[in-house]
Amino acid sequence: MLVRTLARVALLAAVAGCASVPPEAGFPDVQRQVADRLPPPLAQRVAWKRGDADDQAAAQAVKDLLSHPLTADGAVQVALLNNSGLQATYEDLGVAQADLVQAGLLRNPLLSLATEFPTRGDGPPKLEFSVVANFLDLLWIPARRRVAAERFEQVKLATSAQIIDLAADTRAAYIRHRAALENARAQAQATMAEQAAYDLMGRLAQAGNVSERRLATEQAALEEARVDQAEAEGETVATRETLARLMGLSGDEGAWSVDGTLPDLPPHEPDRAMVETAVVTGNLSLAASRRAVAAKAESLGLAGADSLWSESALGVGGERETDRSLVLGPAFQLPLPLFDQGQPAAAKAVAEYRQEARRVMQTAVDLRSQAREAYDRLARARDLATRYHDTVIPLQERLVRLGMAEYNFMLTSPFEVMAARQARITAYRRYIAAVRDYWLADGDLIRLAGGRQIPTTTQPGGPS
């Protein structure tokens, strides 16, 4: 019976003592988590660079994407493959995987040796030795593995959340850059119109038909337009650099451009009643925080016992006397809980558990509030964009046509026609800003929902 028991202990110790760290470190799970959240081409190209042949394939994919004008999806794809910050986040998986394996291992046995030399005669030295190990670890290993497993799942969820956040940040940066380019182009047209008005006013001033005040007023308007154009061009540089940083591009990779225009608004909004539910159930950062709470809950039972018994050990000790006789016997070491009985460690674990639990509660409150705020921005941006698209811009275009007709019959001055054109350009710039704000709010909602599209009130082709 004793032999069988010792054999089982030895087998458990051997199993617990021999383990390897899987090199994939849970990355396939991360890929599956994001597979149904990102559009299919992007989800399939999330890659962890680890110095193998796949690195070259990822680098070539980035090079191919940059050789053509980038779409929004293309920019996101470059960021997912090339952003070194995201690659650094993947290393957290390796750390958590190693911790999980480590949690299943027994601590190494301790060997102690001591020698005492005789002060008289030439006899051999006296030897004292012992080999001890903390076999109580076998009792705590399952609990430690559960804690490490929860933390591993937490890291996988947090890593997936980082991927979703990077994709959302890159798409938002692309939208901002695309809008900045369109705004700069519209502002350039406004500056040209102001220049034409000033030139005409200058000719009239030379003929003595307008006052010096009118000429100065027109010059001030021209300089104001030039300042606006400089700011608009500066905005294109700033938004381009933001996008380049997210895509992980260095200076020698600066010859890239963006394609297309801002997309039109979709026909329907997300269902307002489902926004908060979709965010709370889909947000990966919140899911990771819940895993952190679960890990803290698992560690509650370990805290006190681990501090008390972590130094206990059992083994074999012996002595070789100076007359070369050998004595053997069991050896053990056991900490005496006279001063530290584990209460501080247990209290710390309880406090950390409550801390994590309340953070999760606050995170859920924050997410719900952010979802309502993003939805409000979305609805306001749509109303504004629709008003400019359906009412303001057509009205400004009609004013330009009517002004030209009156000008052809000498019924109005050319300056009124130019002012109407300026008003039309201003309305178009505000329309661009409204469309940009709509897509930024839409991206924020998708980010909050963990990368998932929130169902609309009425889906094309049927109810949601």
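Everything numeric here is computed off the predicted structure, so don't read it as measured data. (Residues numbered from 1 in each chain as written. Predicted model: local features only at pLDDT ≥ 70, side-chain atom pairs only at ≥ 80, totals over all residues. Heavy atoms only, no water.)

**Considering the overall build of the protein**
Here is step 1: Each helix and strand counted, the protein has twelve helices and six strands in total.
Here is step 2: Oriented by its inertia axes, the alpha-carbon framework of the protein measures out at about 130 × 55 × 45 Å.
Here is step 3: Expressed as a percentage of the 464 residues in the protein, the buried residues total 38%.
Here is step 4: In the protein, of all internal contacts separated by at least 6 residues, the share reaching a separation of at least 24 is 79%.
Here is step 5: Here the protein has roughly 26300 Å² of accessible surface; of this, 56% comes from carbon and sulfur atoms. (Helix = DSSP H or I, 4+ residues; strand = E, 2+ residues; numbered from the N terminus. Buried < 20%, exposed > 50% of the residue type's maximum accessible area, 1.4 Å probe, protein only. Contact = heavy atoms within 4.5 Å. Areas by Shrake-Rupley, 256 points an atom, 1.4 Å probe, with all protein chains shown as cover.)

**Thoughts on the confidence of the model for the protein**
Here is step 1: Of the residues in the protein, 92% reach a pLDDT of 70 or more, and the chain-wide mean stands at 86.
Here is step 2: In this model residues 458-464 is a low-confidence stretch, pLDDT under 50, and it forms six contacts with partners more than four residues away in sequence or in other chains. (pLDDT = per-residue confidence, 0-100.)

**Considering the packing of aromatic side chains**
Here is step 1: Tallying each qualifying case throughout the model produces five aromatic pairs.
Here is step 2: Taking 5.3 Å as the distance between ring centres and 90° as the angle between the ring planes, the aromatic pair formed by Tyr-438 and Trp-439 counts as edge-to-face. Neither residue differs from the other here; Tyr-438 and Trp-439 are each classed as buried.
Here is step 3: In this structure an aromatic cluster arises from ring pairing among Phe-27, Trp-48 and Tyr-90.
Here is step 4: Positioned above the aromatic ring of Phe-415, the side-chain terminus of Arg-214 is 5.7 Å from the ring centre.
Here is step 5: Lying over the aromatic face of Trp-256, Arg-240 brings its terminal NZ or CZ to 3.9 Å of the ring centre. (Phe/Tyr/Trp six-rings, centres within 6.5 Å; stacked < 30°, edge-to-face > 60°. Lys NZ or Arg CZ within 6 Å of the ring centre and 35° of its normal.)

**Side note on the nonpolar core**
Here is step 1: Judged by nonpolar contacts, the single largest core of 45 residues is most densely connected at Leu-80, Ile-163, Leu-243, Met-247 and Trp-256.
Here is step 2: Looking at this core, the elements that each hand over two or more residues are helix H2 (27-35), helix H4 (53-66), helix H5 (72-82), helix H6 (84-103), helix H7 (137-206), helix H8 (212-246) and helix H10 (284-309).
Here is step 3: With residues near it in sequence (within four places) discarded, Trp-256 still touches Leu-66, Leu-70, Arg-240, Leu-243, Ala-244, Met-247 and Leu-249.
Here is step 4: Counting residues in hydrophobic clusters, the runner-up holds 34 residues, among them Val-293, Ala-371, Ala-374 and Ala-449. (Core = buried A, V, L, I, M, F, W, Y, C linked by side-chain atoms within 4.5 Å.)

**Observations regarding the pattern of salt bridges**
Side chains carrying opposite charge are able to pair once their charged atoms draw close together.
Here is step 1: All told, the structure shown has 21 salt bridges when counted by the stated rule.
Here is step 2: With a closest N to O distance of 2.9 Å, Arg-291 and Glu-150 form a salt bridge. Of the two residues, Arg-291 sits in helix H10 while Glu-150 sits in helix H7, which places them 141 residues apart along the sequence.
Here is step 3: A residue is classified by how much of its surface remains accessible, and Glu-150, at 17% relative accessible area, is buried.
Here is step 4: Notably, a salt bridge pairs Asp-169 with Arg-447, separated by 2.7 Å at the nearest N-O pair. Here the residue Asp-169 occupies a position in helix H7, and Arg-447 occupies one in helix H12 (residues 414-448), the gap between them amounting to 278 residues.
Here is step 5: We classify Asp-169 as partly exposed; its relative accessible area is 32%.
Here is step 6: A cluster of three or more residues bridged by salt bridges with shared partners is formed by Asp-169, Glu-373, Arg-377, Asp-444 and Arg-447. (Salt bridge = Lys/Arg side-chain N within 4 Å of Asp/Glu carboxyl O.)

**A word on the pairing of strand S4 (residues 326-333)**
Within a regular strand, side chains alternate between the sheet's two faces.
Here is step 1: Note that strand S3 (residues 313-320) and S4 share eight bridges and pair antiparallel. When the bridges of S4 are listed, Gly-318 appears paired with Leu-328.
Here is step 2: Connecting the antiparallel pair S3 and S4 is a turn made up of five residues, with Arg-324 showing a positive phi of about 70°. (Pairing = 2+ DSSP bridges.)

**Focus on the environment of Gly-342**
Here is step 1: Among the secondary structure elements, Gly-342 is positioned in the loop between S4 and helix H11 (343-408).
Here is step 2: For Gly-342, a relative accessible area of 4% gives the class buried.
Here is step 3: As a C-alpha pair, Gly-342 and Trp-309 span 33 residues in sequence and 9.6 Å in three-dimensional space.

**Considering the side chain of Lys-156**
Here is step 1: As for its placement among the helices and strands, Lys-156 is situated in helix H7.
Here is step 2: Engagement of the side chain of Lys-156 in a polar contact is seen with the side chain of Glu-153, the distance being 2.9 Å.
Here is step 3: Lys-156 has contacts with Gly-26, Asp-29, Val-30, Gln-33 and Leu-93, leaving out every residue within four places of it along the chain. (Polar contact = N/O pair within 3.5 Å; in protein donor to acceptor, adjacent residues only side chain to side chain.)

**Looking at the packing of helix H9 (residues 272-282) against H11**
Here is step 1: Close contact between H9 and H11 brings their axes to 9 Å; oriented N to C, the two are set at 140°. Put simply, H9 runs oblique to H11. Like other packed secondary-structure pairs, H9 and H11 cross with a definite hand, here right-handed. Together, Arg-272, Val-275, Glu-276, Val-279 and Val-280 of H9 and Leu-367, Arg-368, Ala-371, Arg-372 and Tyr-375 of H11 make up the contact between the two elements.
Here is step 2: Of the residues that constitute the contact of H9 with H11, the class distribution is six nonpolar, no polar and four charged. (Axes fitted to C-alpha atoms, helices over the stretch in contact; angles between N-to-C directions. Parallel < 35°, antiparallel > 145°, perpendicular 65-115°, else oblique. Left-handed = near helix turned anticlockwise from the far one by under 90°. Nonpolar A, V, L, I, M, F, W, Y, C, P; charged D, E, K, R; others polar.)

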